[in-house]
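Listed below are the residues making up each chain.
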Amino acid sequence: MSRIQLLPDILASQVAAGEVVERPASVVKELVENSLDAGARRIETIIRRGGISLVRVVDDGCGMDRDDALLCLERHATSKIRSASDLAAIDTLGFRGEALPSIASVSRFRLTTREAEAVAGTEILVSGGRIETVRDGGEAPGTQVEVRSLFYNLPARRKFLRSENTESRNIEHQLYLQATGHPRVAFAFVRDDRVSFQVPATDSLRERIRDLHGSELVARLLEVQPPGSQSAVDISGLIGQAGLSRQTRAQQIVFVNGRAIESPVLNAALREGYHTALMKGQFPVTFLFLALDPAAVDVNVHPAKREVRFRDPGAVREAVVEAVRRTLEGGRRDWQQQFRARAEPAMPDSGAADHLPEIAPAPGGLEITRRAWAVDHTPSVPIAATPAVPASEDHPVRQEIDAAPRDRQFQIIGVLNKLYVLMENAGGLVLVDQHAAHERILFEELRRRMEEKGVPSQRLLLPQTFDLPPRDAEWVERNIATLQKMGIGIEPFGPNTFKIDSLPTFLTAPDSLRFMHDVIDELRSASNSSSALRLGEDMIAKTVCRHAVKANDPLRYPEVEKLIRDLLECELPYCCPHGRPTMIQISHAELEKKFGRKA
Ligand code: ADP
Ligand code: MG
């Protein structure tokens, strides 16, 4: 007897299921994608016990007639592609014709479906891949797929499932993805008989995200600035402003032609776009939508269609980096305007103005401020931004503030713990970490100088020579021009040997060799991007810290004021070059909530 045999159909489906159906969330993904492809306006997903005992997806899509309903359970039966040329330009979520037979082969499966005009619908029951019943059914137009006892016939697979809770959360995440990607479709999710979320159809992504994640998150999202018309990639969506980040990639969501995908290319592009606006080890919050010519992206590279291959990954990457960068810059301009808005007129009009005198610093508060300064620094320094004349009946504080020059529409209240500058602006209370602020200012200043004529450097008393292993030497040689622009006077001095005769002035008491080794170690691994500018930025970010004001360095009032003014001039004022926030705004609403003035 021949050793090679064709697998029976059911077994082949179970093998395919090994790839397509990893866990209950994959079932949900495939079923919801089918509903979306069927043009559903509303999709309801019901699960029990982490989807292991039940997954039911109900849609109001186009439905199927009896023949199609039977055919869709065959392997490689699909209505979505017809020829190889279709495969090269897929515009549906599904295309393999594998999901339904795979799922049906590893569960107790029930399909009911009806086309809108049909007199009767069809109901099909399948057990472990074997069709058991086919009959007329009387459901509403659309399709309902019920998957019970997943992997009941494959105990080995069942053992790999995680706790019901974990599986439920995976399903919920999957539904969040689909709901984010398709705001025009209403979604509902019922978990163990309780409505977990329910979102109405909307035309606006912003509204959909508000419905899913709440308005607090939405307030911190920026509308993505579309790239120029010559870009091959259309980019839209919402991304978190600088300083908003998460410890996982759960909210770093990218859609390519309507499909949520994971992509190292895009991960790298996002990180690069955020660059110093992101803390090390943190991930941005993005709801990014890329639209490409379907022929420019191959979606047929992953069994669960979670990954794609770009024809021109470099161009996609560039477009994303640019879009993120420009969006963050735009966010900064708006933010600055808002930050400096005049305290009174910019107040929300909903009765909040009545509270204003109580929230605004009372003259007594200013007195305390001034005394604090006087204690720390004798002789005491006049406070420029606070009223020069003590408040009285005919000199109310508020008038003085209104008369202040345009860039002083925030008011410094004092310094907490010799570290946090307290300020008032139109939005409420602002806390600035003076150390982080100084780092950001210094970082941008050095970067500017590096771009212009190079960072100023200081000659060493004695030039130093040092040897490097060949790999490091090669790296230094390749980047020598950048290193020189960064204020390091370095030149080759024989094979694998270098000479340094100057170092950047901002380094305090440097051990030049240690410094060079640090630079090489940190930068060689950090920057696989060969951009000289990026390398310089990394270096500045990593060395700036040592020079910045340390916490507890007492600053005089004019210094604090200058610090704040310089910070507001920065390109990315709200976080330090390592992505930590430089300032925190506590809104009037938050204060009112905390004090129980408002529910
Ligand atoms: P694919 O989605 O790759 O085509 P599936 O096995 O997921 O393969 O589905 C097979 C076919 O069944 C689809 O091409 C579609 O024609 C039909 N189908 C599946 N689910 C639905 C649904 N919810 N509404 C209407 N038709 C559906
Ligand atoms: Mg499908």
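As shown above, the structure is provided for reference.
We now turn to the structure provided with this report.

Cut-offs applied
Per chain, residues are indexed from 1 in the order of the written sequence. The lettering of chains begins at A and the numbering of ligands begins at 1, in the order of writing. Selection of residues for local features in this predicted model requires a pLDDT of at least 70, selection of side-chain atom pairs for listing and counting requires 80 or more, and totals for whole chains, interfaces and linings are taken over all residues. To get the side-chain values, take all heavy atoms of the structure and skip hydrogens and water. Exposure classes here rest on a 1.4 Å probe applied to the protein chains alone. A residue is buried below 20% of its type maximum, exposed above 50%, and partly exposed in between. Helix and strand definitions follow DSSP, with helices as H or I runs of at least four residues and strands as E runs of at least two, each counted in order from the N terminus. Strands are labelled as partners when DSSP assigns at least two bridges between them. Axis angles are defined between N-to-C directions and span 0 to 180 degrees, where every axis is a line fitted to C-alpha atoms and, for a helix, only to the segment in contact. Consider each residue's heavy atoms; a residue with any of them within 4 Å of a molecule or strand counts as near. Definition of a polar contact: a pair of N or O atoms within 3.5 Å, with one able to donate and the other able to accept a hydrogen when the atoms are protein atoms, and with sequence-neighbouring residues admitted only if both atoms are side-chain atoms. All accessible areas in this document rest on Shrake-Rupley with a 1.4 Å probe, and a residue is counted as covered only by the protein chains that are shown.

### Quick notes on the pairing of strand S15 (residues 286-291)
Next, step 1: In terms of residue burial, S15 counts as a mostly covered element, since five of its six residues are buried.
Next, step 2: In the sheet, strand S10 (residues 234-240) pairs with S15 via six bridges, with the strands oriented antiparallel. Bridge pairing links Ile-235 to Leu-290 in S15.
Next, step 3: Alignment of strand S12 (residues 252-256) against S15, held across five bridges, turns out to be parallel. Across the sheet, the residue bridging to Gln-252 is Thr-286, located in S15.

### Some details on the sheet that holds strand S21 (residues 457-467)
Next, step 1: What the three strands build is an open sheet, ordered S21-S23-S22; its pairing is antiparallel. The strands lining the two open edges of the sheet, one partner per strand, are S21 and strand S22 (489-492). Ignoring strand direction, the axes of neighbouring strands in this sheet form an average angle of 15°.
Next, step 2: Alignment of S21 against strand S23 (residues 497-504), held across seven bridges, turns out to be antiparallel. Bridge assignment links Ser-457 to a residue of S23, and that residue is Pro-504.

### A word on the site of ligand 1
Next, step 1: In the region of ligand 1, 19 residues are neighbours, and Asn-34, Thr-78, Ser-79, Lys-80 and Gly-97 sit closest.
Next, step 2: Within the side chain of Ser-79, one N or O atom sits 2.5 Å away from an oxygen atom of ligand 1.
Next, step 3: One of the side-chain N or O atoms of Thr-143 is found 3.3 Å from a nitrogen atom in ligand 1.
Next, step 4: In the complex, the protein chains occlude 93% of the 530 Å² of accessible area that ligand 1 would expose alone.
Next, step 5: The set of elements that each furnish at least two residues to the shell around ligand 1 consists of helix H2 (24-37) and helix H5 (99-105).
Next, step 6: Looking at the shell around ligand 1 element by element, the count peaks at three residues for H5.

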